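Fold and contact review
As a plain string of letters, each chain reads:
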Protein chains: 2
Amino acid sequence: MSESFQAVPVGHVESSLLDPEHAPKQGLEGAPSAWLVFEERVAEGARDLEIGAELFVLTWLHRARRDVLVVHPRGDPRNPETGVFSTRSPDRPNPIGLHRVSVAAIDGSRVLVRGMEAVDGTPVLDVKPVLPGGW
Amino acid sequence: MSESFQAVPVGHVESSLLDPEHAPKQGLEGAPSAWLVFEERVAEGARDLEIGAELFVLTWLHRARRDVLVVHPRGDPRNPETGVFSTRSPDRPNPIGLHRVSVAAIDGSRVLVRGMEAVDGTPVLDVKPVLPGGW
């Protein structure tokens, strides 16, 4: 049995997307803007975010399945079964979502980001700047 | 108090980098190749990884501090203190590392990747393909 690690949300997503079935598969595919709402206890960590910044947002996809190792990509049964580590399926052993977004507005400890495909209420684990070249 | 989530490693890093003090800050900065060693129980999830694939590897930076909200970027006191969510510091509330690498070789459930700056023994939480354009 492996050791495990306790991930504690630093905030959550406030979005008009309520249903994963209707959410776009990726942020580039017409996802709306959404608010990242930071917890007060970590808000100082977000103090230097600026409008226009490109960010990676890491979320915990709390509605995903963790017991899945192969999937039909994009949930389409015509796509052959593929190991989850070669897909961006939310269903995977650690259902951590990786979202590339840009900052559209800032209101205290709330940050509006463009192109966020996670549903309302999704816990946020981390936010990082995108490095030049998408690294 | 927030709820929390249990992240269970899917594998670990085998690397010649032993000491975080000597590791490059980013994978682009001369990091060596390293093996991702998948746990047998999830190895099926890695079955479709291919040589040349571009991947994001998510790690748990087990030596990092979690009680830090502002840092001097790159550990250099000449850099002004900055909120951690605007930096790639390993020290942050959830010390999840994001590493962009490419697959150099595959040996069963072991995958050699280029440009991996995490130290030997670092737990791996997830592996995802990089989407076109670095998303």
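The structure contained in this document is the topic of the report that follows. (Residues numbered from 1 in each chain as written. Chains lettered and ligands numbered in written order. Predicted model: local features only at pLDDT ≥ 70, side-chain atom pairs only at ≥ 80, totals over all residues. Heavy atoms only, no water.)

**Quick notes on unusual backbone geometry**
- Even without being glycine, R74 of chain A reaches a positive phi, approximately 60°.
- Inspection of the secondary structure assignment puts R74 of chain A in the loop between β5 (70-71) and β6 (82-83). (Helix = DSSP H or I, 4+ residues; strand = E, 2+ residues; numbered from the N terminus.)

**Observations regarding the sheet that holds strand β2 (residues 11-14) of chain B**
Residues and elements named next belong to chain B.
- With antiparallel pairing, six strands are arranged side by side around a closed barrel as β2-β3-β8-β7-β4-β9. Put simply, the sheet's adjacent strands are angled 45° from each other on average, direction ignored.
- In this sheet, strand β3 (residues 34-38) lies alongside β2 in antiparallel orientation, the contact comprising four bridges. Counted as the bridge partner of V13 is L36 from β3. (Pairing = 2+ DSSP bridges. Axes fitted to C-alpha atoms, helices over the stretch in contact; angles between N-to-C directions.)

**Quick word on the interface of chain A and chain B**
- Facing 52 residues of chain A, the contacting portion of chain B comprises 52 residues.
- Carbon and sulfur atoms supply 60% of the area buried between chain A and chain B, which totals about 5,200 Å² over both sides.
- When the buried area of chain A at its contact with chain B is split by residue, F5, F85 and W135 of chain A rank highest and sum to 17% of it.
- With a shortest N-O distance of 2.8 Å, R92 of chain A and D126 of chain B are connected by a salt bridge.
- The tally of links from chain A across to chain B stands at 31 residue pairs in polar contact (both at pLDDT 80 or more).
- For the side of chain A that touches chain B, the secondary-structure elements that each account for two or more residues are β1 (5-7), β4 (54-60), β6, β7 (96-107) and β9 (123-129) of chain A.
- Of all the elements, β9 of chain A adds the most residues to the side of chain A that touches chain B, at six residues.
- Among the residues forming the side of chain A that touches chain B, the class breakdown is 27 nonpolar, twelve polar and 13 charged.
- With three bridges joining them, β1 of chain A and strand β1 (residues 5-7) of chain B adopt antiparallel strand pairing. (Contact = heavy atoms within 4.5 Å. Buried area = accessible area lost by both parts, 1.4 Å probe. Salt bridge = Lys/Arg side-chain N within 4 Å of Asp/Glu carboxyl O. Polar contact = N/O pair within 3.5 Å; in protein donor to acceptor, adjacent residues only side chain to side chain. Nonpolar A, V, L, I, M, F, W, Y, C, P; charged D, E, K, R; others polar.)

**Some points on the pattern of salt bridges**
- Overall, the coordinates contain 16 salt bridges over all chains when judged by the stated rule.
- A salt bridge links R110 of chain A to E14 of chain A; the nearest nitrogen and oxygen atoms lie 3.2 Å apart. With a gap of 96 residues between them, R110 of chain A in strand β8 (residues 110-114) and E14 of chain A in strand β2 (residues 11-14) connect regions that are remote in the sequence.
- Assessed through its relative accessible area of 30%, E14 of chain A is described here as partly exposed.
- Between K128 of chain B and D126 of chain B there is a salt bridge whose closest N-O contact spans 2.9 Å.
- The class for K128 of chain B is buried, based on a relative accessible area of 3%.
- Judged by relative accessible area, D126 of chain B falls into the buried class, the value being 0%.
- By sharing partners, the salt bridges in this structure join E44, R47 and D48 of chain A into a single network. (Buried < 20%, exposed > 50% of the residue type's maximum accessible area, 1.4 Å probe, protein only.)

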